[in-house]
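Coordinates in review
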Amino acid sequence: MNYEDYARRIRSYTGLAEVNEYGRVVEGGVEYPLFRLIVPGSRWLVITSGFHGEEPAGPLTLAEHFEEVAAYARERDVGLRVYPCINPSGFEDGTRYNRGGEKPNNDFMRYEVAPGVWKGELEPTDTSFLRWVLYDGGPKETRAVREDIARYPAPSAALDIHQDNYLPGAATYAYTFGDKGAYRPLMEAASAHASVIRNDKVDENHYTDADGLIEYHDGSVTDYFTRLGVPYAAALETTTRTPLEACHTINRLWVRGFIDLAARGSDS
Ligand SMILES: [Zn+2]
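Because the structure is predicted, anything quoted here is derived from the model rather than measured.

The rules behind the values
- Residues numbered from 1 in each chain as written.
- Predicted model: local features only at pLDDT ≥ 70, side-chain atom pairs only at ≥ 80, totals over all residues.
- Helix = DSSP H or I, 4+ residues; strand = E, 2+ residues; numbered from the N terminus.
- Rg over C-alpha atoms; globule rule 2.2 N^0.38 Å.
- Buried ≥ 20, exposed ≤ 12 C-beta atoms within 10 Å, placed from the backbone.
- Contact = placed C-beta atoms within 7 Å.
- Pairing = 2+ DSSP bridges.
- Axes fitted to C-alpha atoms, helices over the stretch in contact; angles between N-to-C directions.
- Parallel < 35°, antiparallel > 145°, perpendicular 65-115°, else oblique.
- Nonpolar A, V, L, I, M, F, W, Y, C, P; charged D, E, K, R; others polar.
- Right-handed = clockwise from strand over helix to strand, strands pointing away.
- Core = buried A, V, L, I, M, F, W, Y, C linked by C-beta atoms within 7 Å.
- Arc of directions from axis to C-beta.

If you tally the helices and strands in the protein chain, you get eight helices and twelve strands. Rg of the C-alpha trace for the protein chain: 17 Å, near the compact-globule value of 18 Å for 268 residues, within the 12% margin. Structurally, the protein chain occupies a C-alpha span of about 50 × 40 × 40 Å along its principal axes. For the protein chain, with 268 residues in total, the buried portion stands at 48%. By sequence separation, contacts in the protein chain at least 24 residues apart represent 75% of the contacts at least 6 residues apart.

As structure tokens, then:
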């Protein structure tokens, strides 16, 4: 996937959004601009995508359907802050990590689970923790986006769009926090386009519930927003085996759903 073409597409949205670079990274001698698109509004939704380079659907949905997304948000007076492709060299190479082999995901925060004992994620056996902090290290892509995100007040909702490159078949599930009732209609709508992974394992340690939802404090941007008190925070997954058009449909319906949730706010 050519990032120059991708960047050109993103830059073409200057009439719909404030398009800025929040940083640049150099990977394998190539300099990549990192983009943030802002649509103003009174309540805010943050959308992130492309932490993992072999999960292209999210960055592509945001690039190809941005006009529709921006219009839907404006009609509801929801502001958007969109980070469409966080790991450009991975996106270009089709590799999970960046060209230097660093892992840009799940490095937003650290948990102190016992005095002086820090972990990047909480497993079910970690029933409590002493405190959490915003991490300050990690790959350059993570540092850049984390620094930018942390400059702003917490939004009303946050959606991180991923894919799953391990599970077979056309399928979907989501990591979510907060009121599951808010996400069930989205997963039901998605079920028309890919099978929802219900009551099944998605990896060695994590199982979905009957609605295809998982709670996991994994130190990701979604976990970070939850710790900040954002009431609606999710990481959406479609398998990479899911046809791209179905991924677009599922991603768009979750984006619209999260715009609605941001519009609703936490005072409903
Ligand atoms: Zn991912």
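Past the structure itself, the notes keep going.
What follows concerns the pairing of strand β4 (residues 78–83). Where burial is concerned, most of β4 is hidden: five out of the six residues are buried. Where strand β2 (residues 30–39) lies against β4, three bridges are found, and the strand directions are antiparallel. Bridged to leucine 37 within β4 is valine 82. By the bridge criterion, six bridges tie strand β3 (residues 43–49) to β4 in an arrangement that is parallel. Across the sheet, valine 46 pairs through a bridge with arginine 81, a residue of β4.

Once that is clear, we can look at the packing of helix α2 (residues 57–64) against helix α8 (residues 244–264). One way to put it is that α2 packs onto α8 with a least axis distance of 9 Å and a crossing angle of 70 degrees. With respect to their mutual orientation, α2 and α8 come out roughly perpendicular. Counted together, Ala57, Gly58 and Thr61 of α2 and Leu244, Cys247, His248, Asn251 and Arg252 of α8 form the full contact between these two elements. Along the lines of polarity and charge, the residues of the contact of α2 with α8 split into three nonpolar, four polar and one charged.

Another point: the sheet that holds strand β5 (residues 109–114). An order of β6-β5-β7 is seen for the three strands of this open sheet, with the pairing classed as antiparallel. Two strands bound the open sheet, and with one partner strand each, they are β6 (117–119) and β7 (131–134). Shown here is a sheet whose adjacent strand axes are inclined to one another by a mean of 30 degrees, direction ignored. Sheet topology note: the β5/β6 ladder contains three bridges and is antiparallel.

So, about the pairing of strand β9 (residues 171–177). Where burial is concerned, most of β9 is hidden: seven out of the seven residues are buried. In β9, alternate side chains face the same way, and those of Ala171, Tyr173, Tyr175 and Phe177 on one face and Thr172, Ala174 and Thr176 on the other are all buried. Both β9 and strand β10 (residues 195–196) contribute to a ladder of two bridges, which runs parallel. Bridged to threonine 172 within β10 is valine 196. Once the chain exits β9 it traverses helix α6 (residues 184–190) before rejoining the sheet at β10, and the crossover so formed is right-handed. In terms of strand pairing, β9 meets strand β12 (residues 232–239) through six bridges, oriented antiparallel.

Here we take up the nonpolar core. Ranked by internal contacts, the top residues of the largest apolar core, which has 73 residues, are Leu45, Ile47, Ala157, Leu159, Ala174, Phe258 and Ala262. The contacts of alanine 174, once residues within four sequence positions are left out, are Tyr183, Met187, Gly212, Leu213, Ala234, Ala235, Leu236 and Glu237.

Let's shift gears to helix α5 (residues 140–150). Residues of α5 that are buried: Glu141, Thr142, Val145, Arg146 and Ile149. The buried residues of α5 occupy an angular sector of 115 degrees when the element is viewed end-on, so they sit on one face. The elements touched by buried residues of α5 are β1 (18–27), β3, β4 and α7 (221–228).

It is worth spelling out the environment of alanine 192 at this point. Summarising the element assignment, alanine 192 is placed in the loop between α6 and β10. A C-alpha to C-alpha distance of 9.9 Å links alanine 192 and threonine 249, two positions 57 residues apart in sequence.

Note on placement: leucine 37 falls in strand β2. When the C-alpha atoms of leucine 37 and glycine 58 are compared, they prove to be 15 Å apart, with 21 residues separating the residues in sequence.

To continue, consider unusual backbone geometry. Positive phi, normally seen in glycine, also occurs at aspartate 77, with a value near 55 degrees. One can find aspartate 77 in the loop between α3 (66–75) and β4. Classification of aspartate 77 by C-beta neighbours within 10 Å gives exposed; the count is 12. Even without a glycine there, the phi angle at asparagine 199 is positive, about 50 degrees. The residue asparagine 199 is located in the loop between β10 and β11 (213–214) in this model. We classify asparagine 199 as exposed; it has 10 C-beta atoms within 10 Å.

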